[in-house]
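Understanding the architecture of this molecule
Here is how the chains run, residue by residue.
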Amino acid sequence: MGTATAAEMLVLVGDEPERIHSKAAFAKLCGACPVPASSGKTSRHRLNRGRHRQANAALHRVVVVRMRTHQPSLDYVWRRTAEGKSKREIIRCLKRFVAREVFGYLCRPSKTVCPAQNAA
C-alpha cells in the first residue's frame, strides 16, 4: 500500500473513530460491505456505494495492484474465475478482504492502563 492510499485510510479512521467498532463497520464506512442485489433465481451481492468514496477508491487501487502482482491474490482470482464468478464479484470480495486487513493494522485495540496502576 502506498503512502497516498494509507493516508486515505488514516483520514477515514480519524474522521469518524466512534463509528468504527468492528471490521464490518469499517468495511461499511469504506463502502466495501456487500449489499444483496438478487433478483429472481440469481443470488448475488454488490458493493455499497455510500460513505467515504476516497477510501473506496483507495481500496480499489490496492485490489487492482494485488490482482496484477500479489501471488496469493492471483491464485484467488484464478480459483474464483474457475467457480464462475465475474471480475466485479472477485474485486468486491478482495476489497472486503483488504478492508479487514487494514482494520487490523489501523484499529488495533489499545492497551488501556487501569487508573489504579497509575496511582501506585
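I will try to describe carefully the structure that is included in this document. (Residues numbered from 1 in each chain as written. Predicted model: local features only at pLDDT ≥ 70, side-chain atom pairs only at ≥ 80, totals over all residues. Heavy atoms only, no water.)

Let's talk about the overall build of the chain
Convention followed: In this description a helix means any DSSP run of H or I spanning at least four residues, a strand means any run of E spanning at least two, and both kinds are numbered starting from the N terminus. Only heavy atoms matter for contacts: two residues are in contact if any of them lie within 4.5 Å across the pair. Accessibility throughout is a Shrake-Rupley quantity obtained with a 1.4 Å probe, and a residue counts as covered only by protein chains that appear here.
If you tally the helices and strands in the chain, you get six helices and two strands. Ordering the α and β elements of the chain from the N terminus gives α-α-β-β-α-α-α-α. Long-range contacts, defined as pairs at least 24 residues apart, comprise 55% of the intrachain contacts of the chain with a sequence gap of at least 6. Here the chain displays about 8100 Å² of accessible surface, and carbon together with sulfur accounts for 55% of that area.

Things to note about the pattern of salt bridges
Stated formally: We count a salt bridge whenever a side-chain nitrogen from Lys or Arg sits within 4 Å of a carboxyl oxygen from Asp or Glu. Accessibility here uses a 1.4 Å probe with only protein chains present; expressed as a share of the type maximum, an area under 20% marks a residue as buried, one over 50% as exposed, and anything in between as partly exposed.
Under the defined criterion, the tally for this structure stands at two salt bridges. The residue glutamate 101 makes a salt bridge to arginine 66 at a minimum N-O spacing of 2.9 Å. Residue glutamate 101 is found in helix H5 (residues 87-106), and its partner arginine 66 is found in helix H3 (residues 53-69); the two are separated by 35 residues along the sequence. By relative accessible area, glutamate 101 is classed as partly exposed at 28%. Assessed through its relative accessible area of 18%, arginine 66 is described here as buried. Close ionic contact of glutamate 83 with arginine 80 constitutes a salt bridge, the shortest N to O distance being 3.4 Å.

Points about the environment of alanine 25
Of note, alanine 25 is situated in helix H2 (residues 23-30). With a relative accessible area of 15%, alanine 25 lands in the buried category. Remark: the alpha-carbon pair of alanine 25 and phenylalanine 103, spanning 78 residues in sequence, is separated by 9.8 Å. Apart from residues no more than four positions distant in its own chain, alanine 25 is found in contact with Arg19 and Ile20.

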